Amino acid sequence: MRLSPQLRTGTTRTRRWLTALLGATAVSTATLVPVLTATTANAAERPGASAFTTNDVLPFDMPSASASKAQGKLVFAHYMPSLPVSLDNADPANDYYARNYLKPGGEGGKHAAYGGFLRDRPLPVAKQAGSDWKLKNFELEVRQAKSAGIDGFSVDLLSVNPGSPLYQNQKLLLQAAQNVGGFSILLVPDMTAGASSSTPQSLAATVADLAGSSAAHRLADGRLVVSPFHADSRNASWWGTFLSVMKSEHRMPVAFFPLSLDERTSLSSFKSIAYGISNWGNRNPAWNSPAPSSSPMTRAKNVQSLGLQWMQPVSVQDERPTQGIYDEAENTQNLRNTWAIARDSGANWVQIPTWNDYVEGSHIGPSAGQGWSFLDINAYYTAWYKTGSAPTIERDTVYVTHRTQSVSAKQTTPQTKTMRHRGGSAPRDTVEALTFLTAPGTVTVTVGSTKHTCQVDAGVDTCVVPLGTGTVSAAVTRGSSTVAAVTSPQVVTNSPSVQDLHYVAASSRREGSSIPVSAPAPVPTVPASPRPTVPVTPAPVTSTPAPSTPAPSTPAPVGQPAGSTSTALFPMNDTYANEGAPSGEYGSDPLLVSRTGPGARAYLRFALPSAPAGKVLTGATLRVRTASDPMAASSVAHRVRLASNVWKEASLNWNNRPGASGAILGEVAAGAKVNSSYDVALATAPISSVLGTNQTVAIDALGADSLWLWSSENADRNLRPQLVLTWS
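It should be emphasised that the depicted structure is a prediction, and the values quoted were computed from it without experimental measurement.

K.L.:
Can you break down the overall build of the protein residue by residue, with the values?
P.N.:
For the protein, the count of helices and strands is 12 helices and 34 strands. The 728 residues of the protein split such that 61% are buried. A separation threshold of at least 6 residues defines the contact pool for the protein, and within that pool the share at least 24 residues apart is 80%. Total accessible area computed for the protein in this model is approximately 24,700 Å², and 53% of it derives from carbon and sulfur atoms.

Structure below.
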């Protein structure tokens, strides 16, 4: 089956709209983004930091570079330069995405009919210093894709006007790929957008200009690969002229790899000038059957039988509020089907449409609604496709996918244009737990107050249950232990503000717990802020908000017994380790951070005094203050515990970070606000046993949200962390 021309036309209109919007305005006025909630902001990062895929957040070990390259298979992700992670370098809570694209009334209400331009946004990044913020953000996305086994972006050339912001984005993407290295840009002239009015000569000039970068994808023989979108909108003679001009005038021989809506209509005419052929593909399992006799399989074989390369489209889903259509992806079924087609058809290359087309809801890049889940799942299937063998599962992991509303749910805002199902797999309301297990187990999926249990095998398996309202979670048990658990940050409602039929996702290794826990107890109902269940002796005491005014340098804790004394200590040293920049050193930084995905852990070393004569330690309070940046707040708790004291402030980084497995002292309670002081009551027994020595306490996250605190480097003493000890 294929997309009908009338359905695909909507995409053409969208591409032209974006081109006109961003090509005619400065970036400062063409910034795109939705309202951030506590759950969507939890991976906002400092400049240079990124939650790159590493083995500890995946169920398997990524193959070596040599193993990935051995069979010569390549994976590209289709990139829309109109939708980068930031368009205005504004604070994510109030950038263009937040103000305009995710709000039904955004951009003067012109998107109100369909409930807003987008339903998801790129995973937010913090505002950056410096004029090169766009380049840094493109480098961030290149690293994200590269870390998941993707070889390059197939960049949709929406603009052929060198003076437009879109064209500059295209140039910056090439520069970013060149700067990062080991990543290439496949040039995709969009024949429905900026290139629609090009002549062969003018398009050749544009492509040659962009191909001046060493990051432009070339074959081993030096030929530049050009893969025009909707190439079949021009005949073979037109493209023959383009190829001739590229070779004769620009000295750039081209390997022509047309990307068609339906390659069957142009195959006979293109076969003599093409190096390979591809199509845009479909987005539902019924039209993406991996059966040997299915249409996708036979079409791939037909192309290969002519001696041409085949690039298989691999997709997650598709929902288009602006066009009023959607596909039923059946959770991750469509994704798994299209990867099976890629493997079983012997596809030479794979293209994933898309990395970041939030207009069509087809993105796999890290996003506010999906986190890293779809990219992480893709990493597994990418490794399988490239090496020819399914990766060994090394770490128990569960991914949960679901919609935030049923297909029939009625929106509460006056949305007049809703999406209709466009065929293929029938609409369904389901939650899927996709498991990657080292051994068989039991998965319990909780939807609201209803629990469903499935037995799942080792390797990859699924448990699919009905969608319901409320919180969605999944926990995998084996014997008496919970080996993986996750609670989705997105809550299901029957009264949504707008219609949104795109699948959200969460991972036990990113947003949940994949640490085995020993407890002879029934399968847990995973709490709203999922965390490992760890025996604690003594039990930690949660923090309570302190007055908003800075505390004095020698505070007296509330409730201090009569006749007691207190000692206030500033840290001797403090810093943090940042997984996003593993070799980064932050000993002189005025901030501390605790975070998961990418991981970050704060370390504070105190010189603990001996107990005064005749007194014992009866109270301990860690006083901290959140930074003033909007991203400093945290919706989840952050644990305080004793850690190894073997580290140096000037050289501590993620790679050499000390362990933090000592006694749990307490936690900064969930819901910490911006620019606020918090008194964290600590257990006294573990501290009493180490009085008179230098000791380190570590702060790490118990869920997927970051906490930013002022460090001892802050010029204002009243904002620095303090440890207050009470003696009686």
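K.L.:
Got a sec to walk through the sheet that holds strand β13 (residues 420-421)? Specific residues and values, please.
P.N.:
Pairing is mixed across the open sheet formed by three strands, whose spatial order is β9-β10-β13. The open sheet has two edge strands, β9 (319-320) and β13, and neither has a second partner.

K.L.:
For the side chain of Arg119, give the residues involved together with the corresponding values.
P.N.:
Inspection of the secondary structure assignment puts Arg119 in the loop between α3 (96-101) and α4 (133-147). Buried and unpaired, Arg119 has no salt bridge, with Asp500 as the nearest side chain of opposite charge at 4.7 Å. Here the side chain of Arg119 touches Gly115 through a polar contact of 3.3 Å, landing on its backbone oxygen. A polar contact is formed between the side chain of Arg119 and the backbone oxygen of Gln499, at a distance of 2.6 Å. When residues no more than four places from it in sequence are discounted, the contact partners of Arg119 are Leu102, Tyr114, Glu319, Pro321, Gln415, Val498, Gln499, Asp500 and His502.

K.L.:
Explain the sheet that holds strand β17 (residues 459-466) to me, using residue names and the numbers behind them.
P.N.:
An order of β17-β14-β12-β20 is seen for the four strands of this open sheet, with the pairing classed as antiparallel. Edge positions in the open sheet fall to β17 and β20 (504-507), since each of these has one partner strand only. Each neighbouring strand pair of the sheet contributes to a mean axis angle of 15°, computed without reference to strand direction. Bridging between strand β12 (residues 397-402) and strand β14 (residues 430-437) involves five bridges; their strand directions are antiparallel. Looking across to β14, one finds that Thr401 is bridged to Glu432.

K.L.:
Break down helix α11 (residues 373-387) for me, citing the residues and quoting the values.
P.N.:
Counted at 1.5 Å a residue, the expected span for α11 with its 15 residues is 21 Å, and the 22 Å between its end C-alpha atoms agrees. Judged by how many residues are buried, α11 sits mostly within the fold: 13 of 15 residues are covered. After α11 finishes, the residue Gly388 shows a positive phi value of roughly 85°.

K.L.:
How would you summarise the pairing of strand β2 (residues 152-157) if you had to cite specific residues and measurements?
P.N.:
Burial analysis of β2 places six of its six residues in the buried class, the great majority of the element. Burial of the side chains of β2 extends over both faces: Gly152, Ser154 and Asp156 are buried on one face and Phe153, Val155 and Leu157 on the other. The pairing of strand β1 (residues 74-79) with β2 spans four bridges and is parallel. Considered in β2, the bridge of Phe76 is made with Gly152.

K.L.:
How would you explain the packing of aromatic side chains if you had to name every residue and give the values?
P.N.:
Scanning all chains against the criterion turns up 26 aromatic pairs. Taking the centre distance of 4.5 Å and the plane angle of 80° together, the rings of Tyr101 and Phe117 count as edge-to-face. In this pair, Tyr101 is assigned in helix α3 and Phe117 in the loop between α3 and α4, connecting sequence segments 16 residues apart. Judged on exposure class, the residue Tyr101 and its partner Phe117 are both buried. Relative to Tyr275, the ring of Phe257 has its centre 6.0 Å away and its plane inclined at 65°; by these criteria the two rings are edge-to-face. A residue pair is termed long-range when its members are at least 10 positions apart, and Phe257 in the loop between β5 (254-256) and β6 (259-260) and Tyr275 in the loop between α8 (267-270) and β7 (276-279) qualify at 18 residues. By relative accessible area, which is 0% here, Phe257 ends up buried. Counting every residue linked through ring pairs, the aromatic cluster contains Phe60, Tyr380, Tyr381, Trp384, Tyr399 and Phe436. Positioned above the aromatic ring of Trp384, the side-chain terminus of Arg343 is 3.6 Å from the ring centre. Sitting above the plane of the Trp647 ring, Arg605 keeps its charged end 4.0 Å from the centroid.

K.L.:
If you had to explain the packing of helix α10 (residues 333-344) against α11 to someone new, which residues and values would you point to?
P.N.:
At a closest axis distance of 10 Å, the pairing of α10 and α11 adopts a crossing angle of 20°. Taken as axis vectors, α10 and α11 run roughly parallel relative to one another. The two elements α10 and α11 cross, and the hand of that crossing is right-handed. Every residue of α11 that contacts α10 at Leu335, Arg336, Trp339, Ala342 and Arg343 is listed here: Phe374, Ile377, Asn378, Tyr381, Thr382, Trp384 and Tyr385. By residue class, the composition of the contact of α10 with α11 is eight nonpolar, two polar and two charged.

K.L.:
Mind laying out the environment of Ile341, listing which residues take part and the relevant values?
P.N.:
The residue Ile341 is located in helix α10 in this model. Under the relative-accessibility criterion, Ile341 is labelled buried at 0%. Note: C-alpha distance between Ile341 and Ser294 (47 residues apart in sequence) is 9.6 Å. With residues up to four places along the chain from it excluded, the contact list for Ile341 reads Asn288, Ser289, Pro290, Pro296, Met297 and Gln312.

The rules we used
Residues numbered from 1 in each chain as written. Predicted model: local features only at pLDDT ≥ 70, side-chain atom pairs only at ≥ 80, totals over all residues. Heavy atoms only, no water. Helix = DSSP H or I, 4+ residues; strand = E, 2+ residues; numbered from the N terminus. Buried < 20%, exposed > 50% of the residue type's maximum accessible area, 1.4 Å probe, protein only. Contact = heavy atoms within 4.5 Å. Areas by Shrake-Rupley, 256 points an atom, 1.4 Å probe, with all protein chains shown as cover. Pairing = 2+ DSSP bridges. Lys, Arg positive; Asp, Glu negative; His and termini not counted. Salt bridge = Lys/Arg side-chain N within 4 Å of Asp/Glu carboxyl O. Polar contact = N/O pair within 3.5 Å; in protein donor to acceptor, adjacent residues only side chain to side chain. Axes fitted to C-alpha atoms, helices over the stretch in contact; angles between N-to-C directions. Expected span 1.5 Å × (residues − 1). Phe/Tyr/Trp six-rings, centres within 6.5 Å; stacked < 30°, edge-to-face > 60°. Lys NZ or Arg CZ within 6 Å of the ring centre and 35° of its normal. Parallel < 35°, antiparallel > 145°, perpendicular 65-115°, else oblique. Left-handed = near helix turned anticlockwise from the far one by under 90°. Nonpolar A, V, L, I, M, F, W, Y, C, P; charged D, E, K, R; others polar.

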